[in-house]
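Letter by letter, the chains look like this.
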Amino acid sequence: MIVVVSDRPDRSKALVDAVGSVAECRVVGLDETWDRIGAFRGVIADITLGRPEARSCLRRLASRPGRTRTPLICLTRSDSQSVFTEARNLGATMCLSAHAEPRMVVGSLVREVWPEKTVADLVVTREVKRTGAVMTSLLKSAQTGPVDMPALERGIEPVLDAIHEGGLTRWLDEVWTHDDVTFQHCLLVSGVAAAFAQSLQLSKADCQLLTRAALVHDVGKSRIPLNILNKPGRLDDDERAVMQTHAPLGHEILKASGSCDPVTLAVTRHHHEMLDGSGYPDRLSAAAIGDPVRLLTICDIYSALIERRPYKAPMPTRDALAILSGMNGRLEGGLVQAFARAVQDTP
């Protein structure tokens with residue numbers, strides 16, 4: 001946790017938002033006693049040091065029992081040497097201008113608190129955790145009933161922010177640390193879809209739409225027996241028939257949940273359809289398959305190929321792309337080529 005001390009919370013909002021992108025953030029006032037706040041890794045003081053209560057607050061921070069050295073960044077509104085000296089005497093490990101960009105302040109904080117990490121590393125870890133919490137709740141609810149679609153919205157921006165800030169590779173590395181098959185797959189597809197959408201320079205609304213669809217496209221797997229869902233080898237015909245029910249099951253779950261957009265419903269039901277009519281569950285072909293479904297189907301197949309499981313290492317990108325290219329006639333060739341450029345160019 002990072003603590004922001006502020007005597008003007010309205011003025012500190014942008015800073016608090018920036019800190020919140022890399023770590024849990026708690027905002028306190030000048031009356032903070034520091035004895036019941038719990039463990040924290042660093043402090044940013046966005047206060048006017050000329051105020052006696054501001055100096056008293058930092059003295060209490062410095063003198064708390066059993067303290068270890070805590071990185072403390074003081075934001076100052078003066079460049080006089082006397083202000084810097086006072087801040088240092090009050091325990092500041094760094095002084096920065098209060099007019100500095102919040103992202104720059106956070107970057108300095110990260111170097112102080114987590115010298116082995118970058119801001120991008122922490123953003124991705126934080127956002128995977130936030131989206132993962134949403135998905136865990138959603139998949140649990142879907143086992144027996146509808147899902148909270150408004151709550152799903154909390155998982156969309158973290159994916160887009162993480163891909164924009166840290167790139168697809170960092171997202172994949174973080175998601176691969178999770179063992180649950182459906183959980184890992186949904187987060188993989190959402191990150192891959194977000195990266196693809198951003199590379200295509202789609203509008204913000206379309207990026208959000210595709211990310212939402214990717215997050216819930218496999219919600220029907222929450223009702224597939226675990227012995228089939230987690231089977232390490234190939235499924236037999238009966239097991240495959242059960243597995244293929246996940247698409248219409250997911251569609252029904254989302255319909256019953258209400259307020260689900262048509263694109264997400266279509267992607268959930270049809271992400272295993274193929275342009276040549278060989279897919280399932282409705283054996284759609286060609287023009288009957290919309291562009292969002294075509295795009296998400298590519299992301300879904302690629303993510304399945306690069307999944308990391310206890311019995312299977314992730315397939316290298318080059319090999320996975322070769323398989324996609326070999327599905328000419330089943331997948332849209334132009335989209336496959338654009339997808340290859342997106343995943344090869346992303347950091």
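Residues numbered from 1 in each chain as written. Predicted model: local features only at pLDDT ≥ 70, side-chain atom pairs only at ≥ 80, totals over all residues. Heavy atoms only, no water.

Our focus in this paragraph is the overall build of the chain. Secondary structure assignment for the chain yields 16 helices and five strands. With the principal axes as the frame, the chain shows a C-alpha extent of 75 × 40 × 40 Å. Split into buried and exposed, the 347 residues of the chain put 51% on the buried side. Residue pairs in contact within the chain that sit at least 24 positions apart in sequence constitute 64% of those at least 6 positions apart. Only carbon and sulfur atoms are counted for the fraction: they give 51% of the accessible area of the chain, which is about 16300 Å². Between the centroid of the 41 positive side chains of the chain and the centroid of its 42 negative side chains there is a distance of 5 Å. (Helix = DSSP H or I, 4+ residues; strand = E, 2+ residues; numbered from the N terminus. Buried < 20%, exposed > 50% of the residue type's maximum accessible area, 1.4 Å probe, protein only. Contact = heavy atoms within 4.5 Å. Areas by Shrake-Rupley, 256 points an atom, 1.4 Å probe, with all protein chains shown as cover. Lys, Arg positive; Asp, Glu negative; His and termini not counted. Charge placed at Lys NZ, Arg CZ, Asp CG, Glu CD.)

Its 13 residues give helix 16 (residues 333-345) an end-to-end C-alpha distance of 18 Å, which sits within 8% of 18 Å, the value for a rise of 1.5 Å per residue. Within helix 16, the full set of buried residues consists of Leu 335, Val 336, Ala 338, Phe 339, Ala 340, Ala 342 and Val 343. Considering only its buried residues, helix 16 is in contact with helix 7 (156-175), helix 8 (181-199), helix 14 (291-306) and helix 15 (317-325). (Expected span 1.5 Å × (residues − 1).)

Here four bridges tie strand 1 (residues 2-6) to strand 2 (residues 25-28), and the two strands are oriented parallel to one another. Bridging from a neighbouring strand, Ile 2 pairs with Cys 25 of strand 2. In the classification by handedness, the crossover that spans strand 1, the intervening helix 1 (residues 13-20) and the parallel strand 2 is right-handed. (Pairing = 2+ DSSP bridges. Right-handed = clockwise from strand over helix to strand, strands pointing away.)

Membership of the largest hydrophobic core comes to 68 residues, with the highest contact counts inside it found for Trp 171, Tyr 302, Leu 324 and Phe 339. When residues of this core are assigned to their parent elements, the largest contribution, 11 residues, is made by helix 8. For Phe 339, the residues in contact, after removing those within four places along its chain, are Val 192, Phe 196, Ile 298, Cys 299, Tyr 302, Leu 321 and Leu 324. Membership of the second largest hydrophobic core comes to 23 residues, among which are Val 5, Val 28, Ile 37 and Leu 72. (Core = buried A, V, L, I, M, F, W, Y, C linked by side-chain atoms within 4.5 Å.)

Turning our eyes to something else, we now look at the environment of Asp 180. Relative to the helices and strands, Asp 180 resides in the loop between helix 7 and helix 8. On the accessibility criterion, Asp 180 (45% relative accessible area) is partly exposed.

With that settled, consider the packing of aromatic side chains. Using the criterion set out here, one finds three aromatic pairs in the structure. Ring geometry for Trp 34 and Phe 40: centres 5.6 Å apart, planes at 50°, overall tilted. Both residues of the pair, Trp 34 and Phe 40, belong to the buried class. Relative to Phe 339, the ring of Tyr 302 lies with its centre 5.0 Å away and its plane at 75°, an arrangement referred to as edge-to-face. (Phe/Tyr/Trp six-rings, centres within 6.5 Å; stacked < 30°, edge-to-face > 60°.)

It is worth spelling out the side chain of Ser 257 at this point. For Ser 257, the location among the structural elements is in helix 12 (residues 246-257). Each residue touching Ser 257, except ones within four places of it in the same chain, is listed here: Pro 146, Val 147 and Met 149.

Right, let's get into the confidence of the model for the chain. Taken as a whole, the chain shows an average pLDDT of 91; of its residues, 99% reach a score of 70 or greater. Ranking the elements of the chain by mean pLDDT puts helix 3 (residues 81-89) last with 88 and helix 13 (residues 262-270) first with 97. (pLDDT = per-residue confidence, 0-100.)

As enumerated under the stated definition, the model contains zero disulfides in all. Here Cys 299 is not cross-linked by a disulfide; its sulfur's nearest cysteine counterpart is in Cys 207, at 11 Å. On the basis of relative accessibility, which here comes to 0%, the residue Cys 299 falls in the buried class. (Disulfide = S-S within 2.5 Å.)

Among the structural elements, Thr 264 can be located in helix 13. You can call Thr 264 buried: its relative accessible area is 0%. Only 2.7 Å separates the side chain of Thr 264 from the side chain of Asp 261, close enough to count as a polar contact. Non-local contacts of Thr 264, meaning those with residues more than four positions away in its chain, are made with Leu 209, Arg 212, Ala 213, Val 216 and Leu 254. (Polar contact = N/O pair within 3.5 Å; in protein donor to acceptor, adjacent residues only side chain to side chain.)

The subject of this paragraph is the pattern of salt bridges. Taken as a whole and judged by the stated rule, the model has 18 salt bridges. We note a salt bridge from Arg 51 to Asp 7, for which the minimum N-O separation is 3.5 Å. Pair noted here: Arg 51 is in the loop between strand 3 (42-46) and helix 2 (52-62) and Asp 7 is in the loop between strand 1 and helix 1, with a separation of 44 residues, a long-range link. Residue Arg 51 is classed as partly exposed on the basis of its relative accessible area, which comes to 32%. Overall, the relative accessible area of 15% leaves Asp 7 in the buried class. A salt bridge links Lys 231 to Glu 239; the shortest N-O distance between them is 2.7 Å. (Salt bridge = Lys/Arg side-chain N within 4 Å of Asp/Glu carboxyl O.)

The peptide bond linking Tyr 280 to Pro 281 adopts the cis configuration, its omega dihedral lying at 10°. Secondary-structure assignment places Pro 281 in the loop between helix 13 and helix 14. Its identity is not glycine, yet Gln 201 carries a phi of approximately 55°, on the positive side. Counting through the fold element by element, Gln 201 comes out in the loop between helix 8 and helix 9 (204-216). Positive phi outside glycine occurs at Ser 259, with the angle close to 55°. Turning to its location among the elements, Ser 259 is positioned in the loop between helix 12 and helix 13.

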